[in-house]
Structures are given as structure tokens and as C-alpha cells.
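Spelled out from the first residue to the last, the chains are:
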Amino acid sequence: MSKVTLENVRKVYSGDIVAVDKANLEIQDREFVVLVGPSGCGKSTTLRMVAGLEEISEGKIHIGDRIVNDVAPKDRDIAMVFQNYALYPHMTVYRNMAFGLQLRKFPKDEINRRVKEAASILGITQLLDRKPKALSGGQRQRVAVGRAIVRKPKAFLFDEPLSNLDAKLRVQMRTEISKLHTRLQSTMLYVTHDQTEAMTMGDRIVVMKDGIIQQVDEPLIIYEKPINRFVASFIGSPPMNFLTGTIVRKKNTLYFNEKFFQVRIVDSMIEPLTSYVGKPIVLGIRPENIHDKLFFGEAPPENTLKATVEVVEPMGSELFLYLNTGEHSLIARVDPHQKAEVNQDIELVFDMSKCHFFDVNSEVTVV
């Protein structure tokens, strides 16, 4: 078993600086889990505690069936891939990949077999006689991954491995690591600040903020059902739009009322929002759920609002409109063939069945 479990794990640095607080996480055998969050949220510290490169202040870490709190990194049977590759510049690719096995006194035939097998999987067989300075960034990253593969560890740990690559190569390597996970069927824990990497690679995502795990779930569930405003804002590109207003009652239904417009709340959301009548609340709506009325077709008049186009951003397959309602700024993701010009006034439609509401004070999702 290569299950990795964290039980109430804390990391406190001198000066009572809490880097990770009461982290509870269970990574199943062969699962690909991504830790994601802004810089300084504790994700890399969490990974380094699993690796044994950081001592934990409280709690327990299990790898397989044993507690590894006091086990040296070399004895935890994990392999780590770093952001800066950490290759030995004076060694060839072959020796870089073989070095860890040589230290563990593996037979030469076994070392040769494992290195060539890993090189074949990663498509770097032709690079085995080169030194790191003769390799591109993507090739160096493949060597770093190959060095981990030859170990055949219980778990792979990746610490922002693609952040030094250009955008096109990042997409390619993202796919390669996902395919590698499918092929090796190994447990993988991957750290990134890039929510696109998290959404496309992970079986589950762990969203962190200020050292605390906010939500753990499958990518689509986190996208569609964020647990609080932070998760809703961090996952998704462009980010979710947030508007502060008040819930008001008219006859038998509820409306979200803002200074310059009012939109009707769908029936399925009325019950949880009833207690907020007359109180401030935050409405969240993703850019793809805001439409130009002309392109949307029939729309309830109570779900429309007027806005002014401030910036038009053509993206090829889609168009981003940066809008102003008079009180709030919005981003809409619309059809690329839509005609829009700066300073143009347009009428928008909110898909209210896809919106979210957050408590103003706690920022927890209400519905």
C-alpha cells in the first residue's frame, strides 16, 4: 500500500508563525492529488513534511502502514521532483538517473535496466550521454522525473515542477505527467499555484489558504460547488465575479438587489436565502454564465441588467468582456463572433441557476 495520510499536522516556525495548521488529508493508493493555493499558503511546506525535509510540529504522517514522523527522508521510500530540477551538472543524464540506485547498492544490471526503461517511457533515450547544460528546460524536467521513476517509490512528490517552463511546454509536460500517472499507477502528490494545472491533472484537488485546507474534492465539484468565497475566487480563469447587494422579498419570490439593478432568484435557492431577507449578501457568478441578451435569445426581463464595455479581450475561441455596471466590475466570457466595442452599452443576462451566494462576514457558501 502507498496510501499517504496526514493527521492533524501542524508546522510552526520560530516566532509562532503557523505555516500549516491542523491538516487532515488522506491520499489513496494510486491517486493523483494536487495541492493548490497562492504563494505562502503552506502547500510546499506540507509536501516537504511528507518528504521529511521539514520536521512537523504536531500530528502524524503515515506512508503506507507506518508513521514516518521520525523516519529520515531517504528511508521513507518516496521520490521528489523539484522546481529547479536539482540535477548534478557534472554527470551525464544516465548517471543522474542512476546515482540514487548506486547509493543504494543496486546491481549494475538492474540499474541499467531501470534507467533505460525510464528513459524509454519519457522519450529521452537519445539524451543519456548528454550533460544537463546541453538540455532544454523540458528535457531537464524529464530527466528529473526519470530519476524519480527509477526508484519505483511508494509515492511521487512534485513541487511546482513546471513553473520554470514556458507556457507551451508547460501544457505539454502537464499532459506527459498525467499520462505517466496512468502508466505507472503510482500515488502522486503534486504542488502548484496554477489552478489550471490543478483542474486538468488531479483526481482530487486540495485548496489551501493561510496554512489551512479549505476544500478537498474532485475538480469539477470544487468548480461547481465551492465551499467558500476564497475557493470560488481561486478556482476558475477568469475568476468568478462577486457583487455585494441585499436580498429583498417581492410577493412570493426573492430578488438580489444592487444599487443599479435587481435580478430574480431561482425557486430552488429561495429557502436557504430566506433568512437573508433585508441583509447584505455576496452574489458570485462565473464569466461564462453572463451573456449578451442579443446572443442569449429569450431571457426573463427580471434577470437582465445594463453594463458598459471597458475592455475587449479576443482570445481566439472566446471573447472576454470587462464590464462596468455602475457599482461593480464584471468579466463575461462570450462567443468570439460577438461584436463589442469599448464604451458600448450592452444588456446582459445572468444565468441565475448557476450563481452562488456567500455570507458577507464568514464568506461561507450559503447556496
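What comes next is a walk through the structure.

1. A word on helix 2 (residues 93–103)
Every buried residue of helix 2 is listed here: Val93, Asn96, Met97, Ala98, Gly100 and Leu101. Looking at the buried residues of helix 2, the elements they touch are helix 3 (108–122) and helix 4 (137–149). Immediately beyond the C-terminal end of helix 2, within one or two residues, lies Lys105, with a positive phi of roughly 60°.

2. Brief notes about the sheet that holds strand 4 (residues 58–63)
Read across the open sheet, the 4 strands follow the order 2-1-4-5; overall the sheet is antiparallel. Each end of this open sheet is capped by a strand with a single partner; those strands are strand 2 (17–27) and strand 5 (66–67). Inspection of the sheet shows strand 1 (residues 4–13) paired to strand 2 by 7 bridges, in the antiparallel sense. Across the sheet, residue Val4 finds its bridge partner in strand 2, namely Ile27. Strands strand 1, strand 2 and strand 4 of the sheet are contacted by helix 1 (residues 43–51), whose axis makes an angle of about 115° with strand 1.

3. Thoughts on the sheet that holds strand 8 (residues 187–192)
Spatially, 6-7-8-3-9-10 is the arrangement adopted by the 6 strands of the open sheet, whose pairing is mixed. The open sheet has two edge strands, strand 6 (78–81) and strand 10 (212–217), and neither has a second partner. Ignoring strand direction, the axes of neighbouring strands in this sheet form an average angle of 15°. Packing against the sheet, helix 4 makes contact with strand 6 and strand 7 (155–159), and its axis sits at approximately 175° to strand 6.

4. Thoughts on the nonpolar core
Counting 47 residues, the largest nonpolar core has Met97, Phe158, Tyr190, Val207 and Ile235 as its most contacted members. The leading source of residues in this core is helix 3, at 6 residues. When neighbours within four sequence positions are excluded, Val207 is seen to be in contact with Val36, Ile212, Ile213, Gln214, Gln215, Ile222, Phe230, Val231 and Ile235. Judged by nonpolar contacts, the second largest core, of 31 residues, contains Ile270, Leu283, Val309 and Leu319.

5. Here's the deal with the packing of aromatic side chains
Summed over the entire model, instances satisfying the criterion amount to 8 aromatic pairs. Centroid distance Tyr88 to Phe99: 5.2 Å. Interplanar angle 70°. Geometry classified as edge-to-face. With Tyr88 in the loop between strand 6 and helix 2 and Phe99 in helix 2, the pair connects residues that are 11 residues apart, well separated along the chain. With a centroid separation of 5.7 Å and an interplanar angle of 25°, the aromatic rings of Phe230 and Phe234 are classed as stacked. Here Phe230 pairs with Phe234, and both are found in helix 8 (residues 229–234), just 4 residues apart, close to one helical turn. The class of Phe234 is buried, set by a relative accessible area of 17%.

6. Points about the packing of helix 2 against helix 3
At a minimum axis separation of 10 Å, helix 2 and helix 3 run at an interaxial angle of 135°. The angle between the axes of helix 2 and helix 3 places the two elements in the oblique class. The interaxial crossing formed by helix 2 with helix 3 has right-handed handedness. Seen from helix 2, the contacting residues are Tyr94, Met97, Ala98, Leu101 and Gln102; seen from helix 3, they are Ile111, Asn112, Arg114, Val115, Ala118 and Ala119. Of the residues assigned to the contact of helix 2 with helix 3, the class counts are 8 nonpolar, 2 polar and 1 charged.

Cut-offs applied
- Residues numbered from 1 in each chain as written.
- Predicted model: local features only at pLDDT ≥ 70, side-chain atom pairs only at ≥ 80, totals over all residues.
- Heavy atoms only, no water.
- Buried < 20%, exposed > 50% of the residue type's maximum accessible area, 1.4 Å probe, protein only.
- Helix = DSSP H or I, 4+ residues; strand = E, 2+ residues; numbered from the N terminus.
- Contact = heavy atoms within 4.5 Å.
- Pairing = 2+ DSSP bridges.
- Axes fitted to C-alpha atoms, helices over the stretch in contact; angles between N-to-C directions.
- Core = buried A, V, L, I, M, F, W, Y, C linked by side-chain atoms within 4.5 Å.
- Phe/Tyr/Trp six-rings, centres within 6.5 Å; stacked < 30°, edge-to-face > 60°.
- Parallel < 35°, antiparallel > 145°, perpendicular 65-115°, else oblique.
- Left-handed = near helix turned anticlockwise from the far one by under 90°.
- Nonpolar A, V, L, I, M, F, W, Y, C, P; charged D, E, K, R; others polar.

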